[in-house]
Amino acid sequence: MTDTAAPSYAPSYVDPARPPRKKWRLVRGVWKFLVAIKDALVLIAMLLFFGVIFAALNARQSTTVIKDGALVLDLNGSIVEQPEEQAAFAALSGQSRTRQFRLRDVVRSIDTARTDARVKVVVLDLDSFGGAYPAALGEVGDALARVRASGKPVLAYATAYTDGGYRLAANASEIWVNPLGGTIFMGPGGNQLYYKGLIDKLGVNAHVYRVGRYKSFVEPYTRADQSDDARAASTALYGTLFAQWREAVAKARPKAQIAQFMSAPDKVILAANGNIAEANLRAGIVDKLGDRTAFGRRVAEIAGSDASKPAGNYTAIKYDAWVKANPLPTAGDAIGVLTIAGDIVDGESGPGKAAGKTIEKAVLDGLAKKTLKALVVRVDSPGGSVMASEQIRLAILEAKRQKLPVVVSMGGMAASGGYWVSTPADVIFAEPGTITGSIGIFGVVPTFENTLAKIGVTSDGVKTTPLSGQPDVTGGTTPMFDAIAQAGIENGYREFLARVAASRRMTPARVDEIGQGRVWDGGTARQIGLVDRFGTLQDAIDEAAKRAKLDPAKVHAEYLEKKPGFLAAIAQDFGNDGDDDAGGGDAFAHVAADRRQMLARAVGDMKRLATSGSIQVRCLECGGMGPTTADIGDAKLLDLLLARIGF
């Protein structure tokens, strides 16, 4: 009988420093998960990198051959002085962004098309046109009129024309509209949002310090309606600009019966049984009714087409390719052109914002090269920060210290801070439709002591001086602080008056009479001495050359602005390369878009009230006649808000 060893039940030895196997498996699992995330991020980064390279190879081609055809101006966005820079990966990540067209590029593309035999016809696609300021519309419209006068056809198409879109289309030799669309003219004006009731309900105290009887920028925060002074000023401004619109349309299309569409549009449309497009045709406002296919066939009769492609196609020359094929001239002496576009803000910023430090650097760097013979300052701004405005003004004065002629060219608007930075000029050019003036100053300090009290929050503390903790956003301001703040605003206004008086050779008292925050159209501004001459940017460059004792035909404009970085340039080209046509929709679609823009501005206004932090020289009325698109930041803020509340 063989003995067998008895099984051992003694526990095996376990190292107390070694984790159990289950813990090791958990750690290994977590590590593998983290490695997988890392690998995925690397893969995404590589895809984005190669996507950018692919976009570069396709969007940066410099050997594009321009063939005979129709130059297509698909203005699916707004026309601005200086487009905002697109984020490097915005297009690649699927973010949508309304396009902005640079005014000088649009005008140059039209003028070069007029004399180039390869362009058989200029096509205006205004279905998604986002608008522009009256002065910009006038400049583009005049360029189109030159093409038409040369005998080259200009054809325009839209489902429904906005007022701004029709200002351009009126210069076309043929205006088409979709039979199911049609155009109703709205005219300038409309309602401004006022937040006094909301602010009171929230318990917010908006402490306003201002000088200027007509300085209405702060009224939405202090009133529930428009003041009589602001109403009178806006009525005069909008009335003049609307009269200019009617005059320009009548000049371009003298047979169009615009008046009846202004005074009694209901009667005209009801007479056509509610068919707006037919009513447009009967009144001579449009020439042809047809959808895009019919319009395409008409263009193909002039520009040619490809029989292998669907009906309605025609040989097209794309706008971006045409602009690249017709760059700005570089021969001759350099006239520096400084662009001050958008809100004037402190610090640094990209294109589309007039940041004090950024523009100061651009001026000083340009002057340091010692190659500029004169300086033209192109202003298209409603104003903004006083400190940034003064920083820019001092930089421009440096050009005068170096004995360079300084000429200001006002674009769509040069109001408030936009006028402040114009004061160093030897001569000021503007357009009749330029919005300028608004010589006034204000500051807003919101405090929230009543808001906090509603939820049981109070504030207290030790104060070593009468101004300790002021302005106190949680406890309110004191009468002493209010008096000092108002005195500072009044001193800033006197400084503004002094700068304008010295520039325009007026007395401060006379500047005060035409100041007080009043906004003027360019024509009236010339009559009262705020502007010297009518003219475009090119007229200002020619004048600067003459003052530098140079032949205007032998100079070129050297723009003193930061060139977009490589990734930004690629993103811009990539984003502009799409052929998708969202379409502008009919008149009702335009109304819906306008309401969304108003909501976006309301959200933005609330943010600006809460974050305002500097003395401002800014114009409220300037926004009423410009592009219909809201500020990009406002639109993003609205999208975020709607996402948070579940819309």
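Quantities reported herein were computed from a predicted structural model and do not represent experimental measurements. (Residues numbered from 1 in each chain as written. Predicted model: local features only at pLDDT ≥ 70, side-chain atom pairs only at ≥ 80, totals over all residues. Heavy atoms only, no water.)

K.L.:
Looking at this structure, how should I read unusual backbone geometry?
P.N.:
Trans peptide bonds make up the majority, and among non-glycine residues the majority have a negative phi. Residue Pro-471 follows Gln-470 across a cis peptide bond; omega there is -5 degrees. Inspection of the secondary structure assignment puts Pro-471 in the loop between helix 16 (449–454) and helix 17 (479–504). The backbone of Ser-416 shows a phi angle near 55 degrees, a positive value even though the residue is not glycine. Since its relative accessible area comes to 0%, Ser-416 is described here as buried. (Helix = DSSP H or I, 4+ residues; strand = E, 2+ residues; numbered from the N terminus. Buried < 20%, exposed > 50% of the residue type's maximum accessible area, 1.4 Å probe, protein only.)

K.L.:
Sorry if this is basic, but what is going on with the side chain of Thr-436 here?
P.N.:
Here Thr-436 is to be found in strand 17 (residues 435–437). Polar contacts involving the side chain of Thr-436 include one to the main-chain carbonyl oxygen of Ala-414, which spans 2.8 Å. Look past the residues within four positions of Thr-436 in its chain and what remains in contact with it is Met-410, Ala-414, Ala-415, Tyr-419, Arg-518, Val-519, Trp-520 and Ala-525. (Polar contact = N/O pair within 3.5 Å; in protein donor to acceptor, adjacent residues only side chain to side chain. Contact = heavy atoms within 4.5 Å.)

K.L.:
I keep staring at the sheet that holds strand 6 (residues 174–177) and nothing clicks. Help me out?
P.N.:
Within a sheet, adjacent strands bond to each other through the backbone by hydrogen bonds, running parallel or antiparallel. One open sheet holds the 6 strands; their spatial order is 8-6-5-4-1-9, and the pairing between them is parallel. In this open sheet, the two strands that pair with only one neighbour each are strand 8 (288–289) and strand 9 (316–318). Strand direction decides the pairing type here: strand 4 (residues 119–125) and strand 5 (residues 154–158), joined by 4 bridges, are parallel. The partner of Leu-124 across the bridge, within strand 5, is Ala-156. Taken strand by strand, helix 2 (residues 103–115) contacts strand 1 (69–74) and strand 4, and its axis lies near 165 degrees from that of strand 1. (Pairing = 2+ DSSP bridges. Axes fitted to C-alpha atoms, helices over the stretch in contact; angles between N-to-C directions.)

K.L.:
What is the right way to read the packing of helix 2 against helix 3 (residues 134–149) from this model?
P.N.:
Each pair of packed helices gets described by two things: the angle between the helix axes and the distance between those axes. Orientation of helix 2 relative to helix 3, taken along the N-to-C sense of each, is 10 degrees, at an axis distance of 8 Å. For the element pair helix 2 / helix 3, the angle class is roughly parallel. Counted together, Leu-103, Val-106, Val-107, Ile-110, Asp-111 and Arg-114 of helix 2 and Ala-136, Glu-139, Val-140, Ala-143, Leu-144, Arg-146 and Val-147 of helix 3 form the full contact between these two elements. Classifying every residue of the contact of helix 2 with helix 3 by side-chain character gives 9 nonpolar, no polar and 4 charged. (Parallel < 35°, antiparallel > 145°, perpendicular 65-115°, else oblique. Nonpolar A, V, L, I, M, F, W, Y, C, P; charged D, E, K, R; others polar.)

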